[in-house]
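Here are the chains, one letter per residue:
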Amino acid sequence: MLKFTKMQGLGNDYVYMDAIHQKIGNASALVKAVSNRHWGIGSDGLILIDKSNVADFKMQMFNPDGSESEMCGNGIRCVGKFVYDKELTNSTEITIETLAGIKKLKLKVQNGKVERITVDMGEPILEPDKIPVLSDKMPVKNLKIEALDREFLVTCVSMGNPHAVILLEDVEKFDIEKYGKEIESNPNFPNKTNVEFVEVEDKKHIKMRVWERGTGETLACGTGACSSVVAGVLNGVIDRNSIVKLLGGNLQIEWKEDDNHVYMTGPAVTVFEGEIYEENILYK
């Protein structure tokens with residue numbers, strides 16, 4: 001029997017499990033089961049919280065298709081809330097080990113519970129071989145990508161995981177499912193890519209929809225919001241401190257000039273908790 005907590009950041013929902021006090025078996029198989037919205041709990045993936053030798057805690061994120069991702073911005077905010085609310089720490093400044101490096105979190109606590117979190121997401125990665133993307137330019141802007149009957153101009157950024165940002169005039173009417181999955185697996189992206197479709201409202205506000213690698217469209221993506229602001233600044237269309245409007249709500253993103261780090265501020269919410277029996281769910 002495994003204990004879990006369902007949490008969401010702007011509707012980007014994951015199943016969270018304490019891997020410090022309980023043994024988690026085959027995470028790649030488990031995530032396929034728990035993420036299923038008919039046979040399982042229903043989520044955009046699974047996040048495990050474990051001990052770390054280099055930070056306060058370690059975070060592992062798995063997509064519904066069983067693949068492991070380097071980083072999740074909305075997910076790491078919920079990890080901060082999880083460890084504080086469950087009294088695994090009493091500090092409001094913590095570090096989390098991820099496959100994208102160690103991230104620093106500042107927790108805003110109200111009535112003994114975490115309400116909002118600011119995450120230092122580190123420096124954006126713009127070198128094409130580190131994103132990775134097949135290009136000889138840096139930064140990678142106006143990269144032409146063909147998908148079905150259209151050609152897109154893409155700006156590529158990594159926040160520890162790859163992102164392809166595309167500026168559009170109307171994101172609400174755009175057929176994200178039709179084109180998102182095509183761009184995700186385009187041969188220009190050796191490790192596939194997350195895809196952000198962005199509409200600029202003004203210099204401080206953008207709308208964004210996201211097609212997440214290995215998942216599909218989700219209500220929000222923290223690393224995608226960070227990448228979209230970086231891409232917007234590189235293209236001269238938005239300011240370094242801007243609000244990103246996602247389907248699930250808003251994130252405040254700031255790409256500071258002094259340290260070149262990207263800071264993300266947003267909420268984290270506990271939805272419900274429960275227990276699952278592995279023998280009943282793993283291989284359905």
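Attention in this report is confined to the structure presented alongside it. (Residues numbered from 1 in each chain as written. Predicted model: local features only at pLDDT ≥ 70, side-chain atom pairs only at ≥ 80, totals over all residues. Heavy atoms only, no water.)

### Brief notes about the pairing of strand 16 (residues 249–255)
One face of the sheet, then the other: side chains in a regular strand alternate in exactly this way.
At step 1: Where strand 15 (residues 241–246) meets strand 16, 6 bridges bridge the pair, whose relative direction is antiparallel. Across the sheet, Ser242 pairs through a bridge with Ile253, a residue of strand 16.
At step 2: Hairpin remark: strand 15 followed by strand 16, antiparallel, with 2 residues in the connecting loop.
At step 3: Pairing analysis gives 4 bridges linking strand 16 to strand 17 (residues 262–267), with the strands arranged antiparallel. In the sheet register, Ile253 faces strand 17, and the bridge partner there is Met264.
At step 4: What sits between strand 16 and strand 17 in their antiparallel hairpin is a turn of 6 residues, with Asn260 showing a positive phi close to 65 degrees. (Pairing = 2+ DSSP bridges. Helix = DSSP H or I, 4+ residues; strand = E, 2+ residues; numbered from the N terminus.)

### Some thoughts on the environment of Ala33
At step 1: With respect to the secondary-structure elements, Ala33 resides in helix 1 (residues 27–35).
At step 2: You can call Ala33 buried: its relative accessible area is 8%.
At step 3: Separated by 19 residues in the primary sequence, Ala33 and Tyr14 place their C-alpha atoms 13 Å from one another. (Buried < 20%, exposed > 50% of the residue type's maximum accessible area, 1.4 Å probe, protein only.)

### Side note on the nonpolar core
At step 1: Counting residues in hydrophobic clusters, the biggest one holds 50 residues, and the most contacted among them are Tyr16 and Ile253.
At step 2: Ignoring anything within four residues of it in the chain, the contact list for Tyr16 reads Lys3, Phe4, Thr5, Met7, Ile47, Ile49, Asn74, Gly75, Cys78, Val79 and Phe82.
At step 3: Counting 21 residues, the second-largest nonpolar core is a separate cluster that includes Ile145, Phe152, Ile166 and Phe174. (Core = buried A, V, L, I, M, F, W, Y, C linked by side-chain atoms within 4.5 Å. Contact = heavy atoms within 4.5 Å.)

### Observations concerning the packing of aromatic side chains
The geometry of an aromatic ring pair is captured by two quantities: the separation of the ring centres and the angle between the planes.
At step 1: Applying the stated criterion across every chain, the model contains 6 aromatic pairs.
At step 2: Considering the side-chain rings of Phe4 and Phe272, the 6.0 Å spacing of their centres and the 85 degrees angle between planes classify their relative orientation as edge-to-face. Taken as a pair, Phe4 in strand 1 (residues 2–9) and Phe272 in strand 18 (residues 269–276) lie far apart in primary sequence, 268 residues in all.
At step 3: Relative accessible area serves as the criterion here: at 35%, Phe272 is assigned to the partly exposed category.
At step 4: A ring pair is formed by Phe152 and Phe174, whose centres lie 6.0 Å apart and whose planes are at 85 degrees; its orientation type is edge-to-face. (Phe/Tyr/Trp six-rings, centres within 6.5 Å; stacked < 30°, edge-to-face > 60°.)

### Some words on a nonpolar patch on the surface
At step 1: There is a patch of nonpolar side chains on the surface, built from Val269, Val271 and Phe272 and spanning about 220 Å² of accessible area.
At step 2: Here Val269 shows up in strand 18.
At step 3: Looking at Val269, the relative accessible area reads 34%, which means it is partly exposed. (Patch = residues over 30% accessible without salt bridge, like charges linked within 9 Å, V, L, I, M, F, W, Y side chains within 5 Å. Areas by Shrake-Rupley, 256 points an atom, 1.4 Å probe, with all protein chains shown as cover. Salt bridge = Lys/Arg side-chain N within 4 Å of Asp/Glu carboxyl O.)

### Some remarks on helix 4 (residues 222–234)
What sets the pattern is the α-helix's 3.6 residues per turn: residues three or four places apart point alike.
At step 1: Compared with the 18 Å implied by 1.5 Å per residue over 13 residues, the 19 Å span of helix 4 between its first and last C-alpha is a close match.
At step 2: Summarising burial for helix 4: 12 of the 13 residues are buried, a large majority.
At step 3: Buried within helix 4 we find Gly222, Thr223, Gly224, Ala225, Cys226, Ser227, Ser228, Val229, Val230, Ala231, Gly232 and Val233.
At step 4: Gly236 lies just past helix 4 and shows a positive phi near 70 degrees. (Expected span 1.5 Å × (residues − 1).)

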